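Descriptive structure summary
The lines below spell out each chain.
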Amino acid sequence: MRKPRDYDAELKALEEKTRELKVRKVQHLGELIIATGADALTAEELAGALVALTENTDAGKKEVWAKRGAAFFRGKTRRSAKAANRDTGSAQTQPDSAQSASGGAGAA
């Protein structure tokens, strides 16, 4: 005869693993923000930029961002971070969506 499974213990273990993965995800996102130099932005600026990025539906832009991200992770961190800071500054002044998104977030 089989030994009965302890479903409660298995669920508890899975919940603990879920918590650990969430903590690790938050930690990795924080490290990514620091590595890219985005920690120099205010919380409102960073939130506004992220909102604008998530609202973007242009597949071409997302592909360009993905390529830049892949280059960043391949080891071009210093050069990419400096270029990203320059490009981010010019990109924020061009599209109105990034400015209105951060302004809207600050007003709320």
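Residues numbered from 1 in each chain as written. Predicted model: local features only at pLDDT ≥ 70, side-chain atom pairs only at ≥ 80, totals over all residues. Heavy atoms only, no water.

1. Concerning a nonpolar patch on the surface
- Side chains of Leu-50, Leu-53, Val-64 and Trp-65 sit close together on the surface and give an oily, nonpolar patch of about 350 Å² of accessible area.
- Taken together, the elements giving at least two residues each to the nonpolar patch come down to helix H2 (43–55) and helix H3 (59–73).
- Mapped onto the elements of the fold, Leu-50 is located in helix H2.
- You can call Leu-50 partly exposed: its relative accessible area is 45%. (Patch = residues over 30% accessible without salt bridge, like charges linked within 9 Å, V, L, I, M, F, W, Y side chains within 5 Å. Areas by Shrake-Rupley, 256 points an atom, 1.4 Å probe, with all protein chains shown as cover. Salt bridge = Lys/Arg side-chain N within 4 Å of Asp/Glu carboxyl O. Helix = DSSP H or I, 4+ residues; strand = E, 2+ residues; numbered from the N terminus. Buried < 20%, exposed > 50% of the residue type's maximum accessible area, 1.4 Å probe, protein only.)

2. Some points on the confidence of the model for the protein
- In this model, the protein carries an average pLDDT of 79, and 69% of its residues clear a pLDDT of 70 or more.
- Confidence, expressed as mean pLDDT per element, reaches its minimum in the protein at helix H5 (residues 96–107) with 42 and its maximum at helix H1 (residues 7–36) with 96.
- Long-range and interchain partners of residues 88–108, a stretch whose pLDDT sits below 50, account for 11 contacts in this model, where long-range means more than four residues apart. (pLDDT = per-residue confidence, 0-100. Contact = heavy atoms within 4.5 Å.)

3. A closer look at the pattern of salt bridges
- One pass over the structure, following the stated rule, counts 3 salt bridges.
- Salt-bridge contacts for Arg-19 lead to Glu-16; the nearest nitrogen and oxygen are separated by 3.3 Å. Of this pair, Arg-19 and Glu-16 both sit in helix H1, 3 residues apart, roughly one helical turn.
- Look at Arg-19 and you get partly exposed, because its relative accessible area is 46%.
- Judged by relative accessible area, Glu-16 falls into the partly exposed class, the value being 36%.
- Close ionic contact of Glu-63 with Lys-67 constitutes a salt bridge, the shortest N to O distance being 3.5 Å.

4. Things to note about the packing of aromatic side chains
- Scanning the entire structure with this criterion turns up 1 aromatic pair.
- Look at Phe-72 and Phe-73: their rings are 5.4 Å apart centre to centre, the planes differ by 80 degrees, and that puts the pair in the edge-to-face class.
- Among the residues examined, Phe-73 registers a relative accessible area of 62% and is labelled exposed. (Phe/Tyr/Trp six-rings, centres within 6.5 Å; stacked < 30°, edge-to-face > 60°.)

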